[in-house]
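# Coordinate analysis (summary)
Listed below, chain by chain, are the residues.
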Amino acid sequence: MPNIAYVNGRFSSLEEATISIEDRGFQFGDGVYEVVRTYGGIPFRLYDHLLRLESSARAVSIPVPLSRTEWEALIREGVQRSDYAACMVYIQLTRGVAPRAHLFPSPAKPTVVMTFREIPGPDGALQRQGVPAVTLSDLRWGRCSIKSLNLLANVLAKQAAADAGAMEAILVKDGLVTEGCSSNVCLVRDGNIITPPLSDQLLAGVTRAVVLELARKNGIVVDERDVPEEELTRADELFLIGTTVEVLPVSALNGVPVGDRVPGTVTQAVSDAFHRCILSETGQR
Ligand code: PDD
């Protein structure tokens, strides 16, 4: 089954797809993106991802060339063409092609790129055993609520985490936890979930919104407040949330085990609720 690409109105195989080297996404990282996942061929929370794409584009003044209905139709077509039940849809919107100059080109003709690839099945062992994480300084810019293509600081931190034998870096700015390189972060203390509040310092994760709502519906207290770095070391449980990781327990932080069992009871309850939600919205797990 093929990996599919879509570039400015045309579907092709991934290998055939090309864009200009003068695209501002390539030259400046001047663009925004989304990652959507399908279960049984059905995109999960597509509408929420499209709203965030629009809001990221608005924040950096890139005109969105497609309506929500058009995005949705193209995404469904791409998923269908790839024929993957578990498909990772990557959407990239850039300020378009223009001779390299910092100022916005006028008129701007945004580039739309999408790729459709298979996601490997859920790794049950990781979900059961959890993953190691490390804390690292958050060196990103001041508008991390925008899902910008500029991921250099995330890339460097993720690599540093991997070099230290960890799967994710939990980023810390001015003594406070922000998020992971590609996930949001929650800790559990005395049965309550604590997670940093939405701000310019972190992405308003689609998974975060779903998980926090489900937790509250299941009677778990959720406290959205600043999390000083040292609080991580006192956590009973720690977990990552995001489109790719779903709900993933952290087993050790900076080499020190987290809590006394992985997954902890709250992490497990939240993960179960999340998977029931996926099942009820897409018919699949
Ligand atoms: N990243 N925080 C950051 C910095 C992220 O990059 C992501 C997702 C999240 C979780 O957001 P969501 O629940 O909407 O996926 C939080 C995607 C998956 C990526 O860059 O691959």
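Report follows, based on the coordinates.

Calculation rules
- Residues numbered from 1 in each chain as written.
- Predicted model: local features only at pLDDT ≥ 70, side-chain atom pairs only at ≥ 80, totals over all residues.
- Heavy atoms only, no water.
- Near = heavy atom within 4 Å.
- Polar contact = N/O pair within 3.5 Å; in protein donor to acceptor, adjacent residues only side chain to side chain.
- Areas by Shrake-Rupley, 256 points an atom, 1.4 Å probe, with all protein chains shown as cover.
- Helix = DSSP H or I, 4+ residues; strand = E, 2+ residues; numbered from the N terminus.
- Nonpolar A, V, L, I, M, F, W, Y, C, P; charged D, E, K, R; others polar.
- Patch = residues over 30% accessible without salt bridge, like charges linked within 9 Å, V, L, I, M, F, W, Y side chains within 5 Å.
- Salt bridge = Lys/Arg side-chain N within 4 Å of Asp/Glu carboxyl O.
- Buried < 20%, exposed > 50% of the residue type's maximum accessible area, 1.4 Å probe, protein only.
- Axes fitted to C-alpha atoms, helices over the stretch in contact; angles between N-to-C directions.
- Parallel < 35°, antiparallel > 145°, perpendicular 65-115°, else oblique.
- Left-handed = near helix turned anticlockwise from the far one by under 90°.
- Contact = heavy atoms within 4.5 Å.
- Core = buried A, V, L, I, M, F, W, Y, C linked by side-chain atoms within 4.5 Å.
- Expected span 1.5 Å × (residues − 1).
- Pairing = 2+ DSSP bridges.

Next up on the list: the site of the ligand. Neighbouring the ligand are 19 residues; Tyr33, Glu179, Val206, Thr207 and Thr243 lie closest to it. Backbone polar atom of Val206 to an oxygen atom of the ligand: 2.8 Å apart, as the coordinates give it. The side chain of Thr243 places a nitrogen or oxygen atom 2.5 Å from an oxygen atom of the ligand. When the ligand sits alone it has 480 Å² of accessible area, and the protein chains cover 90% of it. At the level of elements, strand 3 (31–39), helix 2 (46–59), strand 9 (176–180) and helix 6 (206–217) are the ones that each hand at least two residues to the shell around the ligand. Residue composition of the shell around the ligand, grouped by class: five nonpolar, 10 polar and four charged.

Once that is clear, we can look at a nonpolar patch on the surface. Taken together, the side chains of Ile19, Ile21 and Phe26 define a hydrophobic patch exposed on the protein surface, amounting to about 340 Å² of accessible area. Within the fold, Ile19 resides in the loop between strand 2 (10–13) and helix 1 (24–28). When its relative accessible area of 40% is taken as the criterion, Ile19 is described as partly exposed.

All right, on to the packing of helix 2 against helix 3 (residues 68–82) then. Any two packed helices are characterised by how steeply their axes cross, that is the angle between the axes, and by the distance between the axes. At a minimum axis distance of 11 Å, the contact between helix 2 and helix 3 shows a crossing angle of 125°. The orientation of helix 2 with respect to helix 3, classified from their angle, is oblique. Once helix 2 is placed against helix 3, the crossing between them reads as right-handed. On helix 3, the residues that touch Leu46, Tyr47, Leu50, Leu51, Leu53 and Glu54 of helix 2 are Arg68, Trp71, Glu72 and Ile75. Counted by class, the contact of helix 2 with helix 3 contains seven nonpolar, no polar and three charged residues.

Position of Pro263 relative to the elements: it lies in the loop between strand 15 (256–257) and helix 8 (265–282). Owing to a relative accessible area of 14%, Pro263 belongs among the buried residues under this scheme. It is 21 Å that separates the C-alpha atoms of Pro263 and Gly205, two residues lying 58 residues apart in sequence.

Further remarks concern the nonpolar core. Membership of the largest hydrophobic core comes to 25 residues, with the highest contact counts inside it found for Trp71, Ile75, Val89, Ile91, Met114 and Phe116. Mapped onto this core, the elements with two or more residues apiece are strand 1 (4–7), strand 3, helix 2, helix 3, strand 5 (87–94) and strand 6 (111–118). Of all hydrophobic cores here, the second largest spans 21 residues; its members include Cys186, Leu212, Ile220 and Val270.

When the terminal C-alpha atoms of helix 8 are compared, their 26 Å separation across 18 residues agrees well with the 26 Å that a helix rising 1.5 Å per residue should span. For helix 8, every residue scored as buried is listed here: Val266, Thr267, Val270, Ser271, Ala273, Phe274, His275, Cys277, Ile278 and Thr282. Of the residues one or two after helix 8, Gly283 is the one with positive phi, at around 80°.

Another aspect to go through is the pattern of salt bridges. By the definition in use, this model includes 18 salt bridges. A salt bridge links Asp48 to Arg45, with the nearest nitrogen and oxygen atoms 3.5 Å apart. Judged by its relative accessible area of 28%, Asp48 falls in the partly exposed class. Residue classification places Arg45 among the partly exposed positions, given a relative accessible area of 23%. Across the pair Glu72 and Arg76 runs a salt bridge, and its minimum N-O distance is 3.0 Å. Of this pair, Glu72 and Arg76 both sit in helix 3, separated by four residues, roughly a single helical turn. Its relative accessible area of 32% is what places Glu72 among the partly exposed residues. One network of salt bridges, with partners in common, ties together Arg24, Asp30 and Arg95.

With respect to topology, six strands assemble into an open sheet ordered 2-1-6-5-3-4, the strand pairing being antiparallel. Single-partner strands in this sheet number two, and they are strand 2 and strand 4 (42–43). Summarising the sheet, strand 1 and strand 2 pair through four bridges and their orientation is antiparallel. Bridge pairing links Tyr6 to Phe11 in strand 2. With respect to the sheet, helix 2 is in contact with strand 3, strand 4 and strand 5, its orientation differing from that of strand 3 by roughly 175°.

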